[in-house]
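Listed here are the chains, written in short residue letters.
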Amino acid sequence: MVGLTAADTTPTTYVLVGYPACNAIRVDGCVFIKPLVLFTESIDAQRYVYARTAERTDGMMIWTPEMDGVSGAMLWGISDEEDDDVACVLRPAAIQVAFTHSAHLRTESITCVLELLNSSRPQ
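The following refers to the structure shown. (Residues numbered from 1 in each chain as written. Predicted model: local features only at pLDDT ≥ 70, side-chain atom pairs only at ≥ 80, totals over all residues. Heavy atoms only, no water.)

1. Overview of the overall build of the chain
Which entries qualify depends on this criterion: Numbering goes from the N terminus for both helices and strands, where a helix is a DSSP run of H or I of at least four residues and a strand is a run of E of at least two. Per-residue accessibility, obtained with a 1.4 Å probe over protein chains only, is compared with the maximum for each type, and a residue is labelled buried under 20%, exposed over 50%, and partly exposed between these values. The contact rule is simple, with two residues in contact once any of their heavy atoms fall within 4.5 Å. Each accessible area is a Shrake-Rupley result for a 1.4 Å probe, and residues are judged covered by the shown protein chains and nothing else.
Across its full length, the chain holds one helix and ten strands. With 123 residues in all, the chain has 24% of them scored as buried. Across the chain, the fraction of contacts at a sequence separation of at least 24, relative to all contacts at a separation of at least 6, is 54%. Surface summary for the chain: the accessible area is close to 8500 Å², and the carbon and sulfur share equals 56%.

Structural data, given as structure tokens:
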């Protein structure tokens with residue numbers, strides 16, 4: 001069985017999905033949270049664009065939420081590996097650990113996670 005590896009090529013687009021605490025509401029004892037789906041680009045090896053405003057898929061400009069509660073979410077690199085307009089591959093790129101509005105979100109490498117997963121699998 002082949003071990004897990006980081007992406008071989010550097011993607012230009014990344015996606016982060018999480019549940020920010022500011023998007024949570026409590027109704028009749030139940031908590032409901034609107035998810036955040038963020039498409040972003042790399043600034044450097046540990047920072048990714050996170051502006052105060054963003055454009056929705058319908059073209060409308062919106063305010064981006066505070067990301068408290070999203071820490072620990074996987075940042076996925078989007079790789080186009082097929083010769084069509086639809087297919088893509090999502091590969092783990094990093095773990096989100098912090099953010100600064102109007103600046104960036106910060107991540108940590110997943111290399112240690114990959115090493116742990118590969119070493120804990122039976123041979």
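2. Examining the pairing of strand β3 (residues 30-33)
What counts is decided by this rule: Whether two strands pair comes down to DSSP finding at least two bridges between them.
The pairing of strand β2 (residues 24-27) with β3 spans four bridges and is classified as antiparallel. In the strand pairing of β3, alanine 24 is matched with isoleucine 33. Between β2 and the antiparallel strand that follows it, β3, lie two residues; aspartate 28 among them carries a positive phi value of about 50°.

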